[in-house]
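# Geometric and topological summary
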Amino acid sequence: MRIGRRTRVLAVYLAGLVGSANFAVAQKVVVDSSASHVVNTLSPVRSLGGAIDRLRTGTPDHLLTDPLLKEILNAGWQTVTYRQNTELMVEAWHWNPNGAWSNAKRQEGYFVGNSEPTGEMIRHSWAAPLPHRGFSRGDGNGWSRLTDGDPQSYWKSDPYLTRAFTGEDDALHPQWVMIDLGSKVDVNAIRIAWADPYARRYSVQFWTGELEPFYDGTTKGTWQTFPLGTVTEGKGGTVTLKLVSWMIPVRYIRIWMTESSNTCDSHDSAEHGSADPRNCVGYAINELYVGALTANGEFNDYVTHFPSREQTVTWPSSVDPWHAASDLDESRGDQTGFDFFFTSGVTRGLPTMIPIAMLYSTPEDAANEIAYLYKRHYPISWIEMGEEADGQHMLPEDYGALYLQFASAIHKLVPEAKLGGPPFEGTFGDVEVWPDAAGKVSWLGRFVDYLKAHGRLNDFTFFSFEHYPYQDRPTYSWGDLYPEPGYVSHIVQVWKDNGLPSNIPFFMTEGNIGGGAGPSSVKSGLWLADYVGSMMSAGAGATYYFHYMPSPRQFGGFGSFLWIDENYHVLGYPPQYLAAQVITKEWVQPVDAPHRLFKASSDVTDAAGTVLVTAYAVERPDGQWSVMLVNRDQFNDHAVKLSFADSETKRDRYFSGHVDRITLGSAEYQWHPEGTGGHADPDGPPSKSSVAGGAEALYQIPKASITVLRGHVAP
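Residues numbered from 1 in each chain as written. Predicted model: local features only at pLDDT ≥ 70, side-chain atom pairs only at ≥ 80, totals over all residues. Heavy atoms only, no water.

## Describing the overall build of the protein
Helices and strands together make up the secondary structure of the protein, namely 12 helices and 39 strands. Taking 2.2 N^0.38 as the reference for a compact globule, 715 residues should give roughly 27 Å; the C-alpha atoms of the protein span a radius of gyration of 28 Å, in line with that estimate. Projected onto its principal axes, the C-alpha positions of the protein cover 90 × 65 × 55 Å. Here the protein holds 715 residues, and the buried ones make up 60% of them. The contacts in the protein between residues at least 6 apart in sequence include a share of 79% that link residues at least 24 apart. Accessible surface, the protein as shown: approximately 26,500 Å² in total, 51% of it carbon and sulfur. Positive and negative side-chain charges in the protein, numbering 56 and 81 respectively, have mean positions lying 6 Å apart. (Helix = DSSP H or I, 4+ residues; strand = E, 2+ residues; numbered from the N terminus. Rg over C-alpha atoms; globule rule 2.2 N^0.38 Å. Buried < 20%, exposed > 50% of the residue type's maximum accessible area, 1.4 Å probe, protein only. Contact = heavy atoms within 4.5 Å. Areas by Shrake-Rupley, 256 points an atom, 1.4 Å probe, with all protein chains shown as cover. Lys, Arg positive; Asp, Glu negative; His and termini not counted. Charge placed at Lys NZ, Arg CZ, Asp CG, Glu CD.)

Right, here's the structure in full:
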């Protein structure tokens, strides 16, 4: 039940004086403390961390040095994961500026970083946008070469997905390009300007669903081959194909390629050619045209050809990582150099999760990266293979084929390296792809099947995914806080149902509430506490907060972990920074020792049955029990009784003696909108007090707050 205003005021006053006094009708929070019911055992030092992504050019030297670094670390996140942003941009990552080109004379081709440390620190690392890109959209500002209007540019598929490198028939790893006409248009023909190598065997297909063929629409349509869309003896060159003798209204068209000509790239013999076999495998297309073919052979093209994102949109299955030194672009951001990263202090000297580039890289380059780090004796915990393959629309079998090649190369140099991934984009449910021959659509399930079929499941030592429940929203309502524990438990169960091996850990390696995390209330801080508690209760091995690094004058969404000015001076402490301190310093101990996590239930609900106060309980190594209570009711305080139920002894226990009470709520954080950007006053710290425990203790939980109750439980 909700407590009236006068009762709330009286209860707040008296609870501070006499914790055992029961002046209001209390609701209950019950911790299932049976020894056999532990839901997770975690070390906060290794399990509660922050995620560091590519930073704006020129900022790492300010963010990763004191006094700002000291402020960042003071939030309490411990271990870190180094994110790999270049693959989202469809770029080749030069993790080491020193290395070798496959075509050394022309400084182009495939770059492999040097594995041998030198006396020179790797302080910065940059990336090169891929010149054979086929994506019109995605992160960054790149565009597709399939519809850019330049007959000399071209898309090319990844050579590492061909028989020469997979050892499997190319038909098992079909490559494809897809074009979006923007709306349904009557078409009957396609014109393909092939480059070398071209497809000898391919099919031109259209999508039957109303939604786009990814995400929500993946299983709500099928790819149907045009009546005249099958080619079994392609000759290359520019080909105009009449696909049907009438008109068909379509929006999405796919070219599905299953056999290559394996002819060496002759587009510009000075740049490419037979000297490198990677130039001779896969598929390449100069330009795509879709439209209507008249009876007298005239072709009316519906595609917009332009070298920017104003072009007609295309997606490919993969992209060749071929590039040149002239493609490097330092303005697009700094993937902080590994030596600077590990020696700056941001890792606290703890084992760190490190990525490799895999979707747009070479096995040799990735192996050299890991070898370099091990030779430097940096502490490495896990190695994440690539970045968001599902977001790049890569089929799981293709990811699996790359995974095995890169794993073999890494383990040849560093046998003890622990590998995993993918990581998935933030998602509410299963990641689904177009069905295989058996009708299976689960991305994770098919990836695991691929590893099993090749006898390589032992190379998969952890599973990783991201979590952004409201990433695409400019704002969110208070009611959006309530589903979070359900989102977490659901997605974890989905992974398990789809074949995640029970013996490997899973990590949420990058996450936040998403867009709209404004400063006007503690809402984003409450979400963070609820998220961390529910994710660890679901059995996660670790969770990593993003974005750990602040951005100057950014007061909402990502980058609002600390408010700083253009000179990197701290202006204030946002709700998630303060919430992180409650989680990492009050709820748990910041020590590398096991904390046992137990489930807790709450009967604090509204009329609709929505749980208003959630609870997360840990038994800490110092012998204390710590219960984090998140009151998501923005208008009402709640008074609760707290018990520790033991089904094995059939007895309830309670806090005894004094109980530490730490609270972050509207009294500790208040936003004032006046001025150019507004400011918070107060902006912490969390308040601390002591109340008495006991079987009749009534604990007051302020509205819109995180409260930690911590103390010893009577035997």
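## Notes on the pattern of salt bridges
For the structure on display, the rule yields 29 salt bridges. A salt bridge links aspartate 592 to arginine 46, with the nearest nitrogen and oxygen atoms 3.0 Å apart. With a gap of 546 residues between them, aspartate 592 in the loop between α12 (575–587) and β28 (595–598) and arginine 46 in helix α2 (residues 44–47) connect regions that are remote in the sequence. A salt bridge links arginine 251 to aspartate 180, with the shortest nitrogen-to-oxygen separation between them at 2.6 Å. With arginine 251 in strand β15 (residues 248–260) and aspartate 180 in strand β10 (residues 175–187), this residue pair connects regions lying 71 residues apart in the sequence. (Salt bridge = Lys/Arg side-chain N within 4 Å of Asp/Glu carboxyl O.)

## Focus: the packing of helix α8 (residues 396–413) against helix α9 (residues 443–453)
Orientation of α8 relative to α9, taken along the N-to-C sense of each, is 40°, at an axis distance of 8 Å. On the basis of the axis angle, α8 is oblique to α9. The two elements α8 and α9 meet at a crossing, and its hand is right-handed. Touching Pro396, Glu397, Tyr399, Gly400, Ala401, Tyr403 and Leu404 of α8 are Trp443, Arg446, Phe447, Tyr450 and Leu451, all from α9. Looking at the contact of α8 with α9, its residues break down into 9 nonpolar, 1 polar and 2 charged. (Axes fitted to C-alpha atoms, helices over the stretch in contact; angles between N-to-C directions. Parallel < 35°, antiparallel > 145°, perpendicular 65-115°, else oblique. Left-handed = near helix turned anticlockwise from the far one by under 90°. Nonpolar A, V, L, I, M, F, W, Y, C, P; charged D, E, K, R; others polar.)

## Details of the packing of helix α7 (residues 363–375) against α8
Packed helix pairs are characterised by how far apart their axes lie and by the angle those axes make with each other. At a minimum axis distance of 8 Å, the contact between α7 and α8 shows a crossing angle of 35°. Crossing handedness for the pair α7 and α8: right-handed. Contacts from Pro363, Ala366, Ala367, Asn368, Ile370 and Ala371 of α7 reach α8 at Gln405, Phe406, Ala409, Ile410 and Leu413.

## Describing the sheet that holds strand β12 (residues 199–207)
Judged by pairing direction, the sheet is antiparallel, and its 5 strands sit side by side in the order β13-β12-β15-β10-β18 without closing on themselves. Among the strands making up the open sheet, the edge pair consists of β13 (223–231) and β18 (313–316). For this sheet, the mean inter-axis angle between neighbouring strands, taken without regard to orientation, is 25°. (Pairing = 2+ DSSP bridges.)

## Here's the deal with unusual backbone geometry
Proline 67 follows aspartate 66 through a cis peptide bond whose omega is 10°. Counting through the fold element by element, proline 67 comes out in the loop between α3 (60–63) and α4 (68–73). Here the phi dihedral of lysine 650 falls at roughly 60°; this positive angle occurs in a residue that is not glycine. Following the sequence through the fold, lysine 650 ends up in the loop between β32 (638–646) and β33 (651–653). Positive phi values are uncommon outside glycine, yet alanine 704 reaches one of about 45°. Assignment of secondary structure puts alanine 704 in the loop between β38 (699–701) and β39 (705–713).

## Things to note about the sheet that holds strand β19 (residues 323–324)
What the 3 strands build is an open sheet, ordered β6-β7-β19; its pairing is antiparallel. If you trace the sheet from one side to the other, it starts and ends with β6 (99–103) and β19, each paired once. Direction of pairing for β6 relative to strand β7 (residues 108–113): antiparallel, over a ladder of 4 bridges. Residue pairing across strands places glycine 99 opposite glycine 113, the latter belonging to β7.

## Focus on the packing of aromatic side chains
The description of an aromatic ring pair uses the distance of the two centres, along with the angle that the planes make with each other. For the structure on display, the rule yields 48 aromatic pairs. An angle of 55° between the planes, with centres 5.1 Å apart, marks the rings of tryptophan 207 and tryptophan 223 as tilted. In this pair, tryptophan 207 sits in strand β12 while tryptophan 223 sits in strand β13, placing the two residues 16 residues apart along the sequence. Here a set of aromatic residues connected by ring pairs shows up, and it is made of Tyr399, Tyr403, Phe424, Trp443, Phe447, Phe460, Phe463, Phe465, Trp495 and Phe506. (Phe/Tyr/Trp six-rings, centres within 6.5 Å; stacked < 30°, edge-to-face > 60°.)

## Thoughts on the environment of threonine 312
Looking at the secondary structure, you find threonine 312 in the loop between β17 (299–301) and β18. Accessibility expressed as a relative area gives 9% for threonine 312, which makes it buried. Sequence separation between threonine 312 and phenylalanine 546 is 234 residues; the distance between their C-alpha atoms is 33 Å. Here threonine 312 is in contact with Ser136, Thr147, Ile179, Asp180, Leu181, Tyr302, Val303 and Thr304, once residues within four sequence places are set aside. Looking at threonine 312, its side chain comes within polar contact range of the main-chain nitrogen of threonine 304, at 2.7 Å. (Polar contact = N/O pair within 3.5 Å; in protein donor to acceptor, adjacent residues only side chain to side chain.)

## A short note on the pairing of strand β30 (residues 613–619)
The element β30 is extensively covered by neighbouring structure, given that 6 of its 7 residues are classed as buried. In this antiparallel pair of consecutive strands, β30 and strand β31 (residues 625–631), the connection spans 5 residues, and glycine 623 shows a positive phi of 90°.

## Brief notes about the confidence of the model for the protein
Interpretation of the predicted coordinates at a detailed level should be avoided for regions scoring low in pLDDT. Looking at the protein as a whole, the pLDDT averages 92, with 94% of positions reaching at least 70. Long-range and interchain partners of residues 1–24, a stretch whose pLDDT sits below 50, account for 41 contacts in this model, where long-range means more than four residues apart. (pLDDT = per-residue confidence, 0-100.)

## Section: α7
For α7, spanning 13 residues, the distance from its first C-alpha to its last is 18 Å, which sits close to the expected 18 Å at 1.5 Å a residue. Among the 13 residues of α7, 10 are classified as buried, and the element is accordingly described as predominantly covered. Listing the buried residues of α7 in full gives Pro363, Asp365, Ala366, Ala367, Asn368, Glu369, Ile370, Ala371, Tyr372 and Leu373. Looking at the buried positions of α7, the neighbouring elements they touch are β5 (91–94), β7, α6 (338–343), β20 (352–356), β21 (380–385) and α8. Following α7 by one or two positions, histidine 377 adopts a phi angle in the positive range, close to 65°. (Expected span 1.5 Å × (residues − 1).)

## As for the state of the cysteines
Scanning the model with the defined rule gives 1 disulfide in all. Across the disulfide, cysteine 264 is cross-linked to cysteine 280 (sulfur-sulfur distance 2.1 Å). Taking the torsion about the S-S bond as the criterion, the cysteine 264 to cysteine 280 disulfide, at about 100°, is right-handed. Of this pair, cysteine 264 sits in the loop between β15 and β16 (284–293) while cysteine 280 sits in the loop between β15 and β16, and the two are 16 residues apart along the sequence. The exposure class of cysteine 264 is partly exposed, given its relative accessible area of 30%. (Disulfide = S-S within 2.5 Å.)

## Quick look at the environment of arginine 348
Looking at the secondary structure, you find arginine 348 in the loop between α6 and β20. Given a relative accessible area of 32%, arginine 348 falls into the partly exposed group. Sequence spacing of arginine 348 and histidine 393 is 45 residues, and the spatial spacing of their C-alpha atoms is 36 Å. When sequence neighbours within four positions are dropped, the list of residues in contact with arginine 348 reads Leu73, Gly76, Trp77, Gln78 and Tyr548.

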